[in-house]
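Take a look at the letters that make up each chain.
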Amino acid sequence: MPVSTIVATSSSDLKSAYDKDGHCSLPYRFTDGSVELLRRRVAAISAQTRPEVVHEKDSGAVRAIHGCHEFDDVCRALVSHPVLVELARTLIGGPVYVYQFKVNLKQAREGAAWPWHQDFAFWSEEDGMPRPDAVNIAVPLDDVHEDNGPLLVIPGSHDLGLFDLPVRSERTSDWRQHVSDDLAYTVSAERAERMIEERGKALILGGAGSLHAFHPSIVHSSSNNRSADRRALLLITYNAVDNAPAEPTRPLFLVGRDTTPVVARGDERLVVEPA
């Protein structure tokens, strides 16, 4: 099915859900073959010793890999996939570039939780991103269920601003505290519970290769992986071209510097089908 048809048939509903709730899911997925190719690339990168590969604090397990589209050809092709680019343009409302690429890995029975937080807190306070005119597009590389650490979001919280920011003198420029379980910017559990009482909560579940989008200001977290199943979640952040930070200082693999609008290009290795 042509990409124009894939996105156009769902665009109004997706935009409506995204604007209202701060998240939405597409009725399409990457094929098993495409997912397997991405898994192999993630495994190869995870075995490398490089700053883009982050490990769990108390073990040698890989927690995340970053900036893979800068050095891996399959990941580079993925960020230009027509469905992803068109979805990002639809949700943001204009040309986009790749701000961040990462894969969060929760290894079976040892993947640690992510506390309540808002992504835009990091991008605003550390990088100087002017507005939350960006979108996270998530592609699970494993089946995501309630026990292997899925994303938990608070619907509608993206419209409420940023919460619990530390005073300027207490902020950290150590990027390692932005990718570990000891996050520099968090939303208190008490505040999150009050918001859940008012707005509810939603788990982002789905099979490997499914497609989801969530707003950079939505309050979200994830639990420890208590299961025997790994949970690898690939995340591409597209930012509006006119929303690029003026002088980012964090490493390139955390903050993309090339603000050239992404040009949609198909790749026969990466195929989307109805979910």
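Everything discussed here concerns the structure shown above.
Here's what I pulled together on the structure shown here. (Residues numbered from 1 in each chain as written. Predicted model: local features only at pLDDT ≥ 70, side-chain atom pairs only at ≥ 80, totals over all residues. Heavy atoms only, no water.)

1. Considering the pairing of strand E6 (residues 134–140)
As a general feature of sheets, a regular strand has side chains that alternate between the two faces.
Reasoning step 1: The element E6 is largely enclosed, with a buried count of 7 among its 7 residues.
Reasoning step 2: Burial along E6 is two-sided: the face carrying Ala134, Asn136, Ala138 and Pro140 and the face carrying Val135, Ile137 and Val139 are both buried.
Reasoning step 3: Bridge count for E6 against strand E11 (residues 231–240) is 7 bridges, and the pairing is antiparallel. Opposite asparagine 136, over in E11, you have threonine 237 as the bridge partner.
Reasoning step 4: Of the pairings in the sheet, the one linking E6 to strand E9 (residues 210–214) comprises 3 bridges and is antiparallel in character. Bridge pairing in E9 places isoleucine 137 opposite alanine 213. (Buried < 20%, exposed > 50% of the residue type's maximum accessible area, 1.4 Å probe, protein only. Helix = DSSP H or I, 4+ residues; strand = E, 2+ residues; numbered from the N terminus. Pairing = 2+ DSSP bridges.)

2. Topic: the packing of aromatic side chains
Reasoning step 1: In this structure the tally under the stated criterion is 3 aromatic pairs.
Reasoning step 2: Between tyrosine 99 and tryptophan 123, the ring centres sit 5.4 Å apart and the planes meet at 65°, which makes this aromatic pair edge-to-face. Of the two residues, tyrosine 99 is situated in strand E4 (residues 96–106) and tryptophan 123 in helix H6 (residues 119–127); the sequence distance between them amounts to 24 residues. When sorted by exposure, tyrosine 99 lands in the same class as tryptophan 123, which is buried.
Reasoning step 3: Seen in terms of ring centroids, phenylalanine 122 and tyrosine 185 are 5.0 Å apart; in terms of plane orientation they differ by 80°. Their pairing is edge-to-face. Placement of phenylalanine 122 in helix H6 and of tyrosine 185 in the loop between strand E7 (151–153) and helix H7 (189–199) is noted, with a sequence separation of 63 residues between them.
Reasoning step 4: On the accessibility criterion, tyrosine 185 (3% relative accessible area) is buried.
Reasoning step 5: Members of the aromatic cluster, connected to one another through ring pairs, are Tyr97, Tyr99 and Trp123.
Reasoning step 6: Between arginine 63 and the ring centre of tryptophan 114, over which it is positioned, the NZ or CZ distance is 3.8 Å. (Phe/Tyr/Trp six-rings, centres within 6.5 Å; stacked < 30°, edge-to-face > 60°. Lys NZ or Arg CZ within 6 Å of the ring centre and 35° of its normal.)

3. Here's the deal with the sheet that holds E11
Reasoning step 1: Across the sheet, which stays open at both edges, the 8 strands sit in the order E2-E3-E4-E11-E6-E9-E1-E12 with antiparallel pairing between neighbours. Because the sheet does not close on itself, it has two edges, and the strands there are strand E2 (53–55) and strand E12 (272–274). If you compare each strand with its neighbour and ignore which way they point, the axes differ by 30° on average.
Reasoning step 2: Its contacts with the sheet put helix H2 (residues 11–21) on strand E1 (23–30), E6 and E9, and the angle it makes with E1 is roughly 140°. (Axes fitted to C-alpha atoms, helices over the stretch in contact; angles between N-to-C directions. Contact = heavy atoms within 4.5 Å.)

4. Side note on helix H3 (residues 32–46)
For an α-helix the count is 3.6 residues per turn, leaving residues at separations of three or four pointing the same way.
Reasoning step 1: Over its 15 residues, H3 runs 21 Å from end to end, which matches the ideal 21 Å to within 8%, given 1.5 Å per residue.
Reasoning step 2: Turning to H3, its buried residues number three or more, namely Ser34, Val35, Leu37, Leu38, Val42, Ile45 and Ser46.
Reasoning step 3: Along its buried surface, H3 packs onto E1, E2, strand E3 (62–66), helix H4 (73–79), E4 and E11. (Expected span 1.5 Å × (residues − 1).)

5. As for the nonpolar core
Reasoning step 1: Judged by nonpolar contacts, the single largest core of 45 residues is most densely connected at Phe30, Leu78, Phe101, Val103, Leu234, Ile236 and Tyr238.
Reasoning step 2: Ranked by residue count, the leading element in this core is helix H5 (residues 82–92), at 6 residues.
Reasoning step 3: Excluding residues within four positions of it along the chain, isoleucine 236 makes contact with Leu78, Val79, Leu84, Val98, Gln100, Phe101, Val135, Asn136 and Ile137.
Reasoning step 4: Formed by 15 residues, the second largest nonpolar core is a distinct cluster that contains Tyr97, Tyr99, Ala184 and Val255. (Core = buried A, V, L, I, M, F, W, Y, C linked by side-chain atoms within 4.5 Å.)

6. A short note on unusual backbone geometry
Reasoning step 1: In the Ramachandran plot, aspartate 164 falls in the positive-phi region, its phi being about 55° despite a non-glycine side chain.
Reasoning step 2: Within the fold, aspartate 164 resides in the loop between E7 and H7.

7. A short note on the sheet that holds strand E5 (residues 114–117)
Reasoning step 1: Spatially, the 4 strands line up as an open sheet ordered E5-E10-E7-E8, and their pairing is antiparallel. Edge positions in the sheet fall to E5 and strand E8 (202–204), since each has one partner strand and no second. Each strand of the sheet is rotated relative to its neighbour by a mean of 25°, with strand direction disregarded.
Reasoning step 2: The pairing of E5 with strand E10 (residues 220–222) spans 2 bridges and is classified as antiparallel. Bridged to tryptophan 114 within E10 is serine 222.

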